[in-house]
Amino acid sequence: MAPANRAVVLVALSLLYLSRAIFSTEYFSTLTLFNNELHKQGCSSLSEWEEYAADCESSILQLEDPDCEEGSNPPCESVFSLNAEKILNQAKLFIEQKKIPFPVDNHNTNEELAIGYVLIGNGLYDEAIKHFSLLLQGDPELVSAIYGRGIAYGKKSLQDIKNADLALYELNRVITLEPNWPEVYEQRAEILSPLGRISEALGDLTKAIQLQPSARLFRHRGTLLFISEDYVAAMEDFQQSLELKKNQPIAMLYKGLTFFHRGMLKEAIETFKEALKLKSDFIDAYKSLGQAYRELGDFESAMESFQKALMLNQNHIQSLQLRGMMLYHHGSLQEAIGNFKRCLQLEPYNEVCQYMKGLSHVAMGQFYEGIKAQTKVMLNDPLLGQKASSEYLKVKYLREYSRYLHSHLDIPVAEYNVDQDLPGNFKNHWAKNLPFLIEDYEEQPGLQPHIKDVLPQNFDSYSSEVQKLICTADHLGALMQYDTPGFLPNKRIHRAMGLATLEVMQAMHRTWSNSKVRVNGKTRQMQWRDMFDIAVKWRRIADPDQPVLWLDQMPARSLSRGFNNHINLIRGQIINIRYLAYFDNILDFIKDRILVYHGAYNPRGLLEVRQALENVNKVEDLLPIMKQFNSKTRDGFTVNSKVPSMKDTGKEYDGFTITITGDRVGNMLFSVETQTTEERTQQYQSEIESIYKDLTAKGKALMLSTELGDADALCNLILSLVYYFCNLMPLSRGSSVVAYSVVMGALMASGKEVIGRIPKGKPNPVFGSVSNE
């Protein structure tokens, strides 16, 4: 175990008092409480589409050798070997199979055309271009030769973009001469889509489908629609493709991915299972199934799916990466590191695995390994014109914060303050997830050899008092877990916030007993912020990747501009399943505010508006209603909530703002945000301070009373205090779990205890993250 006088973010002695009856003289590093065993992550990237690009190829170059059987011994030779005789033989086979597009009546010409297409199929694009050019010298309007040369230029465009214009020129000529051949439109779409001209490519595929529908064409168009984030239309195309040709595991996988990206996780899971029925060894279907279960919050099923993918291919990098990330966010850090190490053995420059490996080490108190891994990510400078990865953009913040934590490893948590110690611009950029471009920034101290890493501990090595403390914390923390899709249980967060609950309880109990607490190196009476700060510090310990910072401690210039705590509920076709249970409540609230507005500004039209709103059952249907009755609405509108004051009767504060924008269904943004400005912060803090003062007075009186009613009054004040805290949203991250742990701790101090779980399907709707202005 760590030496008795040190810790990273050290636990104060009071933290190890479960109650006055339980006292331990042991003094542990906070991180060691996480580093022992108790009682023994967009789903698809564009590269995945490229993996199956060949499956979307047109059939022109797909030859079938009648003399070759799949799985024969010896194996079949490639039909495209660098042998003149074989090329001629394959040209004849090409003719026999009637693969030549736009054939002519002359057999010799068809044979020459076939040779050109065989050259393309063999990757000899320059030779094919020369061959078709010779044919075109004899007949400038030989459509098949124009087409073949266009295909060859198109293949070369993958290596040199200048050839794309030549390819398009040739294909345009073919369409002018033969406007009713679907494969030409498909070939042109294959040139246009890599150029980013997706709408034109979609138009070509639509024309091809109109001329001759096929499973391949629907699948091809569905792919482009998916890339365009038009998941509804993509799903319809994949379904059409499957109806025309049932045995298509890839199309079934893609269909599932359209559900996944729309937040329809249960539908995605069923579709991935259908893909596995079609192809039992489909690694990507297992991987996608695992990610869907992970997003749903079903850890066990996700682990089983990732395990099946890795049983099929133990070197499948994406499954290792995703499983490792899930293990990290589940609080299983040691297991996560094993996955990231294996990932890096296979792909040393994988930034995600490198970043997550460094993060996991730091979270466990292993700073030397952690910062070494972080530095490797920093060395992966993006190439000129290449977009930097999110890991590259985040890693310097993590490294600086890791250095800060390491330099304070021997200092008790009550003796230092992250919000005061870290530079203002650093905190501001970190909270807003901005690139690390901070003028005159002075780096944190490098690793100091005399400060050793935190050593892992076994649960059995703890005394019975500490074991009971940890088990109680785990139990209390688990009560904070949301039972709703989108929230993965995190036993590390559970333990941290359970310990936070116990410390809040102890601190409140001491305060009500007229004792003082240790805050930032000083002993004094506890204030409301000190109470919340206990939970804030534990939340920081649990996950160093997330900046859990007080917004009012940001630079004055940033605070005056305000911070947005923002949640997207619907963006385009993507639904945030975490808050789906609240959509009806929000819809009712919006309807009510619309009626209030029209009652004040358009009383004569109020009845008509009321009748129109009665037929609205979805948020998406509100925008056309608002446009109909208010010309100012245009492309969107906002609705504001108000929070009544307890301190000043009749006074109201700004709550949250609901925004609905967009010009049509599928292109809509439905969001909730809280604007945390300096003025608004002062208003809420005044309210919180007033309630806390009353709470402290009643808490002290409770210590001298045996009346049950006194505890009930205290309970109401605790809930009121947290109500204003949640509406203020004073933290860059984690306001929800911080508030809940304070509620539980304060109630325990008053003699009550939370024994039930949060109702199923009801997450805290005031959870969000700070965004840039």
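The name given to the protein chain in an unreviewed UniProt entry is Tetratricopeptide repeat domain 13, with Seriola dumerili as the source organism.

## Points about the overall build of the protein chain
Counting its secondary structure elements, the protein chain contains 31 helices and 8 strands. Here the protein chain holds 773 residues, and the buried ones make up 55% of them.

## Quick notes on the UniProt feature "repeat: TPR" (unreviewed entry) in the protein chain
Residues given the UniProt feature "repeat: TPR" (unreviewed entry) here are residues 215-248, 249-282, 283-316 and 317-350. Summarising residues 249-282: 79% helix, 0% strand, and an end-to-end C-alpha distance of 8 Å.

## Some details on the packing of aromatic side chains
Any aromatic ring pair is given by two values, namely how distant the centres are and how the planes are angled relative to each other. Applying the stated rule across the entire model yields 26 aromatic pairs. With 4.9 Å between their ring centres and 55° between their planes, Y397 and F436 make a pair best called tilted. Residue Y397 is found in helix 19 (residues 390-407), and its partner F436 is found in the loop between helix 21 (424-431) and helix 22 (464-478); the two are separated by 39 residues along the sequence. For the pair Y397 and F436, a shared accessibility class is recorded, and that class is buried. With a centroid separation of 6.4 Å and 10° between ring planes, the pair formed by Y401 and Y404 is classed as stacked.

## Some words on helix 5 (residues 143-157)
Because each turn of an α-helix spans 3.6 residues, side chains separated by three or four positions end up pointing in the same direction. Given a rise of 1.5 Å per residue, 15 residues ought to cover 21 Å, and the 21 Å separating the end C-alpha atoms of helix 5 matches this to within 8%. Of all 15 residues that make up helix 5, 15 are buried, and the element is covered over most of its length.

## Focus: the side chain of T271
Mapped onto the secondary structure, T271 falls in helix 12 (residues 265-278). In this structure T271 comes out as buried when scored by relative accessible area, which is 7%. Contact partners of T271, with chain neighbours within four places excluded, come to M252, K255, G256 and F259.

## What about unusual backbone geometry?
If you check the backbone angles, F102 has positive phi at about 50° while not being a glycine. Examined against the element boundaries, F102 turns out to sit in the loop between helix 2 (84-96) and helix 3 (107-121). Its relative accessible area of 7% is what places F102 among the buried residues. One non-glycine residue, D440, adopts positive backbone phi at about 55°. Within the secondary structure, D440 is located in the loop between helix 21 and helix 22.

## Focus on the pairing of strand 6 (residues 652-662)
It is a general feature of regular strands that their side chains alternate between the two faces of the sheet. Of the pairings in the sheet, the one linking strand 5 (residues 636-644) to strand 6 comprises 8 bridges and is antiparallel in character. Bridging across to strand 6, N640 finds its partner in T657. Direction of pairing for strand 6 relative to strand 7 (residues 668-676): antiparallel, over a ladder of 6 bridges. Looking at strand 7, one finds that T661 is bridged to L669.

## Considering the pattern of salt bridges
Proximity of charged atoms lets side chains of opposite charge pair with each other. By the definition in use, this model includes 29 salt bridges. The partner of D281 in a salt bridge is K279, and the shortest N-O contact between them spans 3.3 Å. Salt bridges here are not isolated pairs; linked through shared partners, they connect K396, R399, E400, R403 and E443.

## Notes on the packing of helix 24 (residues 528-542) against helix 31 (residues 735-749)
Contact geometry for helix 24 and helix 31: axes closest at 9 Å, N-to-C directions at 125°. Between helix 24 and helix 31, the angle falls in the class oblique. Helix 31 is crossed by helix 24, and the crossing has right-handed handedness. Residues M531, F532, A535, V536 and R539 of helix 24 lie in contact with helix 31, whose contacting residues are V737, V738, A739, S741 and V742.

## Remarks on the state of the cysteines
The final tally for this structure, using the stated rule, is 1 disulfide. The residue that forms a disulfide with C343 is C353, at a sulfur-sulfur distance of 2.2 Å. Linking C343 and C353, the disulfide has an S-S dihedral of approximately 90° and is accordingly described as right-handed. Placement of the pair is C343 in helix 16 (residues 333-346) and C353 in helix 17 (residues 351-363), with a sequence separation of 10 residues. Both residues of the pair, C343 and C353, belong to the buried class.

## Section: the nonpolar core
Counting 107 residues, the largest nonpolar core has I120, F132, Y147, F272 and M356 as the members making the most contacts within it. Element by element, the count of residues in this core is highest for helix 11 (residues 249-261), at 8 residues. In this structure F272 touches L253, G256, L257, F260, A285, S288, L289 and A292, once residues within four positions along its chain are discounted. L469, L502, I534 and M744 belong to the second largest nonpolar core, which has 61 residues in total.

## Structural notes on the confidence of the model for the protein chain
Averaged over all residues, the pLDDT of the protein chain equals 85, while 86% of them reach at least 70. This stretch, residues 1-34, has a pLDDT under 50; its non-local contacts, to residues over four places away or in other chains, come to 112 contacts. Scored below 50 in pLDDT, residues 766-773 shows 38 contacts in the model against residues more than four places distant or in partner chains.

## A word on helix 9 (residues 215-227)
The first and last C-alpha atoms of helix 9 sit 19 Å apart over 13 residues, in line with the 18 Å expected at 1.5 Å per residue. Most of helix 9 sits out of view: 12 of its 13 residues are buried. By the burial criterion, the buried members of helix 9 are A215, R216, L217, F218, R219, H220, R221, G222, T223, L224, L225 and F226.

## Here we look at the pairing of strand 3 (residues 563-571)
Summarising the sheet, strand 3 and strand 7 pair through 8 bridges and their orientation is antiparallel. Paired with I567 across the bridge in strand 7 is V672. Hairpin remark: strand 3 followed by strand 4 (residues 574-575), antiparallel, with 2 residues in the connecting loop; positive phi at G572, about 65°.

## Considering the environment of I577
Following the sequence through the fold, I577 ends up in the loop between strand 4 and helix 26 (583-601). Along the chain, I577 and G263 lie 314 residues apart, while their C-alpha atoms are 5.8 Å from each other.

## Re the packing of helix 8 (residues 198-211) against helix 9
The N-to-C vectors of helix 8 and helix 9 enclose an angle of 160°; their axes lie 10 Å apart at closest approach. Classified by the interaxial angle, the pair formed by helix 8 and helix 9 is roughly antiparallel. In the packing of helix 8 onto helix 9, the handedness of the crossing is left-handed. For the pair helix 8 and helix 9, the contacting residues are I198, A201, L202, L205, T206, A208 and I209 in the first and L217, F218, H220, R221, L224 and L225 in the second. Grouping the constituent residues of the contact of helix 8 with helix 9 by class yields 10 nonpolar, 2 polar and 1 charged.

Criteria and thresholds
- Residue indices follow the written sequence of each chain, beginning from 1 at its first position.
- The predicted nature of this model means local features are confined to residues of pLDDT at least 70 and side-chain atom pairs, given and counted, to a pLDDT of 80 or more, with totals for whole chains, interfaces and linings taken over all residues.
- Calculated side-chain values reflect all of the structure's heavy atoms, with hydrogen atoms and water omitted.
- Segments assigned H or I by DSSP are reported as helices when at least four residues long, segments assigned E as strands when at least two residues long, and all are numbered from the N terminus.
- Throughout, exposure labels follow a simple rule: accessible area from a 1.4 Å probe, protein chains only, divided by the maximum for the residue type, with under 20% read as buried, over 50% as exposed, and the rest as partly exposed.
- UniProt positions are given in the numbering used here, feature names are shortened, and annotations may be inferred rather than shown by experiment.
- Ring pairs are drawn from Phe, Tyr and Trp, using the six-membered ring of Trp, whenever the two centres fall within 6.5 Å, and their geometry is named by plane angle: stacked under 30 degrees, edge-to-face over 60, tilted for the rest.
- One less than the number of residues in a helix, times 1.5 Å, gives the span that helix is expected to have.
- Should any heavy atoms of two residues lie within 4.5 Å, those residues are considered in contact.
- We treat two strands as partners when DSSP finds at least two bridges between them.
- Between Lys or Arg on one side and Asp or Glu on the other, a salt bridge is scored when a side-chain nitrogen of the former is within 4 Å of a carboxyl oxygen of the latter.
- Axis definition: a line fitted to C-alpha atoms, limited for helices to the stretch in contact. Angles are taken between N-to-C directions and run from 0 to 180 degrees.
- Our angle categories are set so that under 35 degrees counts as roughly parallel, over 145 as roughly antiparallel, 65 to 115 as roughly perpendicular, and the remainder as oblique.
- Left-handed is the label given to a crossing in which the near helix is rotated counterclockwise from the far helix by less than a right angle, and right-handed is the label when the rotation is clockwise.
- Counting rule for disulfides: a pair of cysteine sulfur atoms within 2.5 Å.
- Side-chain atoms within 4.5 Å link the members of a nonpolar core, which is a set of buried Ala, Val, Leu, Ile, Met, Phe, Trp, Tyr and Cys residues.
- pLDDT measures the predictor's confidence residue by residue and takes values from 0 up to 100.
- All amino acids are sorted into three groups, where Ala, Val, Leu, Ile, Met, Phe, Trp, Tyr, Cys and Pro are nonpolar, Asp, Glu, Lys and Arg are charged, and the leftover types, Gly among them, are polar.

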